[in-house]
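Chain residues, written in single-letter form:
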Amino acid sequence: APARFTLDPAFAVGDVNPRLFGSFVEHLGRCVYTGIYEPDHPSADESGLRTDVLELIRELGVTTIRYPGGNFVSGYKWEDSVGPVDERPRRLDLAWRSTETNRFGLSEYIAFLKKVGPQAEPMMAINLGTRGVAEALELQEYANHPAGTALSDLRVAHGDKDPFGIRLWCLGNEMDGPWQTGHKTADEYGRLAAETARAMRQIDPELELVACGSSSQAMPTFAEWEAKVLAETYDLVDYISLHAYYQPHDGDIDSFLASAVDMESFIENVVATCDHIGARLKSKKKINLSFDEWNVWYTTEWHEIENSAARDWAEAPRLLENNYSVLDAVVFGSLLIALLRHADRVTVACLAQLVNVIAPILTEPGGPAWKQTTFFPFSQASRYGRGQVLDVRVDSPTYETKKFGSVPLLHATAVRDPETGAVTVFAVNRSQTEPLPLEVALNGLELTNVVEHMALADADPEAKNTVDEPERVTPHTVTGTALQDGTLTATLEPLSWNVIRLA
Ligand code: AHR
């Protein structure tokens, strides 16, 4: 039987915030050094940025870019990362057991964003692991105050006359995780986040602040953490964060393909928790969700090398360099669909991360940069997933999974451009073996033709793009997709990510 749904512009979820297509640059492995920044590379510009990588980042279509961590931020001393490069100290990075040279720092990050383009917005995390309110205020003064005070004048003396204008700030990172330097209980963190937010707003009430939620839905403190933190911070913050990473466990590909079931329930559970605290406080304010770390990540591989001697304080070591397959890209596309389906409350999201470290772009030092399989769903969603998300309720054949029970084979969303009326359907077929016929009834939409149907699928779901074969996997055009008498019909290949554009 075909999978079916109906689209009607009268039933919309909400508008997509461009920040949904954010990403993340952490001082971790080779994300910064030999990733975005490599002064000796043949393509490097006058600032040491790799222009081959910059070009790919622009094509990827990322907006907000979170920085400088991640776990790294919980030991970050912002003042090490500014001023004359040759005078910057080398430091131990406890989070990744690496040496941080600070050759790339705050000013370089802002300059990098400018080169990415006008859509690139800073999202700065502050250190609430080893530091607190005072250092957050100092960083804010250095970064955002125009001039005429010690720290703003220091920025000017360092060559940055214009303030950085950082509006979006993360109050720490994964403070619920026992691995975090300066890990805290929900009560401890809630108080610190509230006091930091209150003080930062004394400088600038217009800031947008993200409180740390849970590092994953599986954390033992999940939901209670959010409730306690929000009870302290509800009036002082705008967002609560969510982080989630997925991988197959024990070869269970069927459950892996249904990872978005977990992601959607995580989102819905956090929304419920936020609204519960809002109800208790009799508040009209709504807290939105910042899904500021999400991806496929083979964490078990990482845990195997986590404590190995190979990690002894190297500079920019090869860490977390996952090479993604077609299967990974299909799951990744499904995670994008999950975010879009909740665009009313998820108004910031950051793909973790941008280059080399669990990233859509890989590089070789001194060598090429190329697109991973996951590059394609992200760039297509960022390009065509702008506008209004329409409510999609699928009536689909199902399959059995060990983790999530019975799951629909079809996972889908649709986004309508309010200016042109064009609609793009994003759809994943979770079946590993069977094509899935699709029928979409188009109500009240003046659509007459299929502009294109692109898919990412392969006879070999393990196919990857590598340095030797950088274009092994790319999206292809699907033929036979039709729009007639208000009904769209298509066939989704087994294990495929699909983008169907209608006008
Ligand atoms: O993105 C990699 C790491 O995952 C981040 O540093 C941390 O916040 C999370 O655990």
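Criteria and cut-off values
Residues numbered from 1 in each chain as written. Predicted model: local features only at pLDDT ≥ 70, side-chain atom pairs only at ≥ 80, totals over all residues. Buried ≥ 20, exposed ≤ 12 C-beta atoms within 10 Å, placed from the backbone. Helix = DSSP H or I, 4+ residues; strand = E, 2+ residues; numbered from the N terminus. Pairing = 2+ DSSP bridges. Domains from an automatic or database assignment. Contact = placed C-beta atoms within 7 Å. Near = placed C-beta within 6 Å. Nonpolar A, V, L, I, M, F, W, Y, C, P; charged D, E, K, R; others polar. Axes fitted to C-alpha atoms, helices over the stretch in contact; angles between N-to-C directions. Parallel < 35°, antiparallel > 145°, perpendicular 65-115°, else oblique. Left-handed = near helix turned anticlockwise from the far one by under 90°. Expected span 1.5 Å × (residues − 1). Arc of directions from axis to C-beta. Core = buried A, V, L, I, M, F, W, Y, C linked by C-beta atoms within 7 Å.

Draft legend 1. Main features of the pairing of strand S7 (residues 121-126). The element S7 is largely enclosed, with a buried count of 5 among its 6 residues. Pairing of strand S4 (residues 64-67) with S7 involves 4 bridges; the strand directions are parallel. Across the sheet, arginine 66 pairs through a bridge with methionine 123, a residue of S7. Taken together, the 4 bridges between S7 and strand S8 (residues 168-171) define a ladder with parallel strand orientation. For methionine 123, the partnering residue across the bridge sits in S8 and is leucine 168.

Draft legend 2. Representation of unusual backbone geometry within the structure. Between tyrosine 67 and proline 68 the backbone carries a cis peptide bond, its omega angle lying at 0°. Within the secondary structure layout, proline 68 lies in the loop between S4 and strand S5 (91-93). Here the bond from glycine 69 into glycine 70 is cis, since omega is 20°, no more than 30 degrees from zero. Positionally, glycine 70 belongs in the loop between S4 and S5. The phi dihedral of asparagine 356 is positive, around 65°, even though this residue is not glycine. The topology assignment puts asparagine 356 in the loop between strand S13 (346-352) and strand S14 (361-363). For isoleucine 358, which is not glycine, the phi torsion reads 35° and is therefore positive. With respect to the secondary-structure elements, isoleucine 358 resides in the loop between S13 and S14.

Draft legend 3. Geometry of the domain arrangement of the protein chain. Domain boundaries assigned for the protein chain yield domain 1 (3-9 + 390-502) and domain 2 (17-384). Relative to domain 2, the C-alpha centre of domain 1 lies at a distance of 30 Å. Facing the 35 residues of domain 1 at the interface are 31 residues of domain 2.

Draft legend 4. The site of the ligand, seen in detail. Neighbouring the ligand are the residues Glu26, Gly69, Gly70, Asn71, Asn173, Glu174, Ser215, Glu293, Ala352 and Gln353. Among the residues making up the shell around the ligand, the classes are represented as 1 nonpolar, 6 polar and 3 charged.

Draft legend 5. Representation of the sheet that holds S8 in the model. Taken in spatial order, the 8 strands close into a barrel running S3-S4-S7-S8-S9-S10-S11-S13, and their pairing is parallel. If you compare each strand with its neighbour and ignore which way they point, the axes differ by 30° on average. For strand S10 (residues 239-246) and strand S11 (residues 288-296), the ladder comprises 7 bridges, and the chain directions are parallel. Bridged to tyrosine 245 within S11 is asparagine 295.

Draft legend 6. The arrangement of the sheet that holds strand S1 (residues 3-7) in detail. Pairing within the open sheet is mixed, and its 4 strands lie in the order S1-S21-S25-S24. In this open sheet, the two edge strands, each paired with only one partner strand, are S1 and strand S24 (482-484). Each strand axis lies, on average, 20° off the axis of its neighbour in the sheet, ignoring direction.

Draft legend 7. The packing of helix H3 (residues 133-144) against helix H4 (residues 150-157), seen in detail. In contact at an axis separation of 7 Å, H3 and H4 are set at 45° when each is read in the N-to-C sense. When the axes of H3 and H4 are compared, the pair comes out oblique. Note on packing geometry: the crossing formed by H3 with H4 is right-handed. The segment H3 lies against H4, with Glu138, Glu141 and Tyr142 engaging Leu151, Ser152, Leu154 and Arg155. In terms of residue class, the contact of H3 with H4 is made up of 3 nonpolar, 1 polar and 3 charged.

Draft legend 8. Molecular detail of the packing of helix H10 (residues 326-341) against helix H11 (residues 375-384). One way to put it is that H10 packs onto H11 with a least axis distance of 8 Å and a crossing angle of 25°. Between H10 and H11, the crossing angle belongs to the class labelled roughly parallel. The interaxial crossing formed by H10 with H11 has right-handed handedness. Between H10, through Ala329, Phe332, Gly333 and Leu336, and H11, the contact on the second element is made entirely by Phe376, Pro377, Phe378 and Ala381. Looking at the contact of H10 with H11 residue by residue, the classes come out as 7 nonpolar, 1 polar and no charged.

Draft legend 9. Spotlight on the environment of glutamate 452. With respect to the element layout, glutamate 452 can be found in strand S22 (residues 450-456). Given 15 C-beta atoms within 10 Å, glutamate 452 falls into the partly exposed group. Each C-alpha atom of the pair glutamate 452 and leucine 502 lies 7.4 Å from the other, and the pair is 50 residues apart in sequence. Ignoring sequence-local partners within four residues, the contact set of glutamate 452 consists of Thr477 and Arg501.

Draft legend 10. Examining helix H8 (residues 259-280) more closely. With 22 residues, H8 should reach 32 Å at 1.5 Å per residue; the first-to-last C-alpha distance of 32 Å fits that figure. Among all positions in H8, only Ser259, Ala260, Met263, Phe266, Ile267, Val270, Thr273, Cys274 and Ile277 are buried. Here the buried residues of H8 occupy an arc of 150° about the axis, which is enough to place them on one side. In H8, those exposed residues whose orientation departs by more than 90 degrees from the buried face are Glu268, Ala272, Ala279 and Arg280.

Draft legend 11. Local environment of the nonpolar core. Counting 154 residues, the largest nonpolar core has Trp169, Leu171, Leu354 and Ile361 as the members making the most contacts within it. If one sorts the elements of this core by residue count, H10 sits on top with 12 residues. Built from parts of two domains, this core gets at least three residues from each of domain 1 (3-9 + 390-502) and domain 2 (17-384).

Draft legend 12. How the structure looks around the pairing of strand S20 (residues 423-429). Taken across its 7 residues, S20 has 7 buried, putting it largely inside the fold. Here S20 shows a buried face lined by Val423, Val425, Ala427 and Asn429 and a second buried face lined by Thr424, Phe426 and Val428. Sheet topology places strand S19 (residues 410-416) next to S20; 7 bridges connect them, and they run antiparallel. Bridge assignment links leucine 410 to a residue of S20, and that residue is asparagine 429.

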